[in-house]
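Now for the letters of each chain:
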Amino acid sequence: MSSTNCRLNKPKRILKTSSSENLAWPRFLSKVTSMDKNFLTTSDFTCDELSAFIESALRFKRGEDSAKPLNGKSVGLVFFNPSLRTRASMQVGIYELGGNPVVLEPGGTSWTIEHRDGVVMDGDKTEHIKEFVRVLERYVAAIGVRTFAHLKDWQEERTDPILNAFARYSSVPIINLESAMHHPCQSMADMMTIREKFGLEKKKVLLTWAWHPKPLPMAVPNSFALASAQMGHDLVIAHPRIYELDEELMANVKTQSADNGGSVEIVNDVDAAFDSVEVVYAKSWGSKNFYGNQDADIQERAQYRGKWIVNEEKMAQTNNAIFMHCLPVRRNVIVTDGVIDSPRSFVIDEAENRLHIQKAIMARLIH
Ligand code: CP
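So, how was this worked out
- Residues numbered from 1 in each chain as written.
- Predicted model: local features only at pLDDT ≥ 70, side-chain atom pairs only at ≥ 80, totals over all residues.
- Pairing = 2+ DSSP bridges.
- Helix = DSSP H or I, 4+ residues; strand = E, 2+ residues; numbered from the N terminus.
- Axes fitted to C-alpha atoms, helices over the stretch in contact; angles between N-to-C directions.
- Contact = placed C-beta atoms within 7 Å.
- Parallel < 35°, antiparallel > 145°, perpendicular 65-115°, else oblique.
- Left-handed = near helix turned anticlockwise from the far one by under 90°.
- Nonpolar A, V, L, I, M, F, W, Y, C, P; charged D, E, K, R; others polar.
- Right-handed = clockwise from strand over helix to strand, strands pointing away.
- Buried ≥ 20, exposed ≤ 12 C-beta atoms within 10 Å, placed from the backbone.

Draft legend 1. Representation of the sheet that holds strand β8 (residues 234-238). Read across the open sheet, the five strands follow the order β9-β8-β7-β10-β11; overall the sheet is parallel. Two strands close off the open sheet at either side, each with one partner strand: β9 (263-267) and β11 (322-324). Recorded for the sheet is a direction-independent mean angle of 20 degrees between the axes of neighbouring strands.

Draft legend 2. Representation of the sheet that holds strand β1 (residues 74-79) within the structure. If you trace the four strands from one edge of the open sheet to the other, you get β2-β1-β5-β6, paired in parallel fashion. The open sheet is flanked by β2 (100-104) and β6 (174-176), the only strands paired with a single partner. On average, each strand axis in the sheet is inclined to that of its neighbour by 20 degrees, with strand direction left out of account. Judged from the five bridges that link them, β1 and strand β5 (residues 142-146) form a sheet pairing that is parallel. Considered in β5, the bridge of L77 is made with G144. Sheet strands in contact with helix α2 (residues 85-96) are β1, β2 and β5, and its direction is about 150 degrees off that of β2.

Draft legend 3. Here's a closer look at the packing of helix α6 (residues 184-198) against helix α7 (residues 219-230). Here α6 crosses α7 at 45 degrees, and the two axes come no closer than 8 Å. Considering the angle they form, α6 stands oblique to α7. The two elements α6 and α7 meet at a crossing, and its hand is right-handed. Here α6 contributes P184, Q186, S187, M188, D190 and M191 to the contact with α7, which in turn contributes V220, S223, F224, L226 and A227. Of the residues assigned to the contact of α6 with α7, the class counts are seven nonpolar, three polar and one charged.

Draft legend 4. Inspection of the pairing of β9 at higher detail. Both β8 and β9 contribute to a ladder of five bridges, which runs parallel. When the bridges of β9 are listed, V236 appears paired with E265. Of the crossover connections in this fold, the one passing from β8 over helix α8 (residues 247-259) to the parallel β9 is right-handed.

Draft legend 5. Region of interest: the pairing of β2. Pairing between β1 and β2: five bridges, direction parallel. Residue pairing across strands places S74 opposite N100, the latter belonging to β2. Note on the crossover from β1 through α2 to β2: the handedness is right-handed.

Draft legend 6. Geometry of unusual backbone geometry. With omega at 5 degrees, the peptide bond leading from L327 into P328 counts as cis. Among the structural elements, P328 can be located in the loop between β11 and α12 (337-340). Despite not being glycine, N320 has its phi angle at roughly 50 degrees, a positive value. You can see N320 is positioned in the loop between α11 (312-316) and β11. With a phi angle near 60 degrees, N332 is a residue other than glycine that sits in the positive phi range. With respect to the element layout, N332 can be found in the loop between β11 and α12. N332 sits in the exposed class, given 12 other C-beta atoms within 10 Å.

Here it is as structure tokens:
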């Protein structure tokens, strides 16, 4: 019997197993069956593969798997932006798998990087990504990359240019540690947390926009919506008008949802959004309509201050929902103290699960 909730999704290919394979991994997933070696977005993987990552992460968490597949290997961690959870959990995870993390901060502890092809590098960028990646991969077995959206040019940033340049020039696996469009390690920790709290049943899951003083990237809501759809949950996405997610991303979310037995509903009325949901996932994001004009976004969102916040009244409308947020979170802006400090808040478990799911991902991808 399947230990996943992937009712309709079937593995794309069945690969032969070898005698040395990890027997804890389902036989039909003896190798990662997605199209490539990287972990850039969950949509490169089937529901069965994502569920297998979660099963593996749960074994790491329970202490049932103490394998050291990174023994003697190093992993590069390239951080263009700040981090607590991602950086610490990756460093600890690599250590626990027997490997050695090498943290680089372009513009800080390493050279500034140019990613565009064919440019005359007479500005503030010191090294081209072509050399950066091809040198780094001579030292490391995989590269994790954090590169946020700059919220300046929507048409360019929606293509994830820096992350994809890493993937283009690298022959070792690239792991997305949050790019302009995706944060798949976060969304897998989120799906693991929902699975821990509720088991395999699909749930009614709310992704709600929240007011924040300035526009933020969309990677977390994009990836949460996508992974929820892939896992077959009934997804409600609530946001004010003008804060729609990317159209192509949403088309993929709807296709994945249909393929995996879920549903997708968009709600613009925050007072109606919380009705009977079982998971509340709060996140603020900027409008793609205002990329390059932060002041216009700040002016637009001002009307939502105090309305689009997760508080005790809204949680009371739910079906005893749990509260989730990727963190960091601004208290009494995104969520009230009463909600985040309540017994139904699982934000710390969610953050812990980053460690376990990333160990599962690295153990599977890095050879
Ligand atoms: N959720 C998350 O990615 O946290 P950090 O930005 O601290 O890594």
